[in-house]
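Remarks on the overall topology
Each chain, letter by letter, is given below.
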Amino acid sequence: MAREITRRLYPLHTEAAKPASQLATWQQAEASARRAVAEAVAGTLHGTRIDEEHRCTRIVWQHTSHPPGQSGPAQVDSVCAAVGTSKE
């Protein structure tokens with residue numbers, strides 16, 4: 001009986017698992033590419049913060065107009081860029 005179940009159901013399971021496997025591979029590649037872009041941008045700006053959310057990476061950069069450790073005006077320049085999925 002187990003042999004018959006295996007013979008009938010295993011091919012169906014294998015066929016159904018293919019799209020799930022392809023989707024997981026695509027999502028992993030997409031996340032890796034998104035992370036690489038965010039890290040490249042963050043590497044060029046001192047004081048950058050990277051926030052990861054579901055399939056979206058936000059790069060936040062804040063910069064004061066005076067050197068670190070030195071008091072000065074409270075003006076802060078801020079830039080936020082979102083790196084989303086390729087289908088958005």
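The preceding data block contains the structure.
First, a word on what this report is: a plain description of the structure on this page.

Thresholds, definitions, all that
- Residues numbered from 1 in each chain as written.
- Predicted model: local features only at pLDDT ≥ 70, side-chain atom pairs only at ≥ 80, totals over all residues.
- Heavy atoms only, no water.
- Helix = DSSP H or I, 4+ residues; strand = E, 2+ residues; numbered from the N terminus.
- Buried < 20%, exposed > 50% of the residue type's maximum accessible area, 1.4 Å probe, protein only.
- Contact = heavy atoms within 4.5 Å.
- Areas by Shrake-Rupley, 256 points an atom, 1.4 Å probe, with all protein chains shown as cover.
- Pairing = 2+ DSSP bridges.
- Expected span 1.5 Å × (residues − 1).
- Bend = angle between axes of the 7 residues up to and from the residue.
- Patch = residues over 30% accessible without salt bridge, like charges linked within 9 Å, V, L, I, M, F, W, Y side chains within 5 Å.
- Salt bridge = Lys/Arg side-chain N within 4 Å of Asp/Glu carboxyl O.
- Polar contact = N/O pair within 3.5 Å; in protein donor to acceptor, adjacent residues only side chain to side chain.

1. Considerations on the overall build of the protein chain
Each helix and strand in the protein chain was counted, giving one helix and three strands. The secondary structure elements of the protein chain, listed N-terminal to C-terminal, are α-β-β-β. Every one of the 88 residues in the protein chain was classed for burial, and the buried ones make up 12%. Considering only residue pairs separated by 6 or more positions, the protein chain has 28% of its internal contacts joining residues 24 or more positions apart. A total of about 7000 Å² of accessible surface is found on the protein chain, and carbon and sulfur atoms cover 58% of it.

2. Observations regarding the pairing of strand 1 (residues 48-53)
Of the pairings in the sheet, the one linking strand 1 to strand 2 (residues 56-64) comprises six bridges and is antiparallel in character. Along strand 2, the bridge assignment pairs Glu 52 with Thr 57. Hairpin connection from strand 1 to strand 2: two residues lie between these consecutive antiparallel strands, with Arg 55 at a positive phi of about 55 degrees.

3. Quick word on helix 1 (residues 2-44)
If you check helix 1, its first and last C-alpha atoms are 60 Å apart, about what 43 residues at 1.5 Å a residue would give, namely 63 Å. Its axis deflected by about 35 degrees at Leu 9, helix 1 carries its strongest bend there, up to four residues before the proline Pro 11. The complete set of buried residues in helix 1 reads Glu 30, Ala 31, Arg 34, Ala 38 and Ala 42.

4. Overview of a nonpolar patch on the surface
A surface patch of nonpolar side chains, amounting to about 490 Å² of accessible area, comprises Met 1, Ile 5, Leu 9 and Leu 12. Here Ile 5 lies in helix 1.

5. Structural notes on the side chain of Thr 57
Summarising the element assignment, Thr 57 is placed in strand 2. There is a polar contact of 3.1 Å between the side chain of Thr 57 and the side chain of Arg 34. A distance of 3.2 Å separates polar atoms of two side chains, one belonging to Thr 57 and the other to Glu 52.

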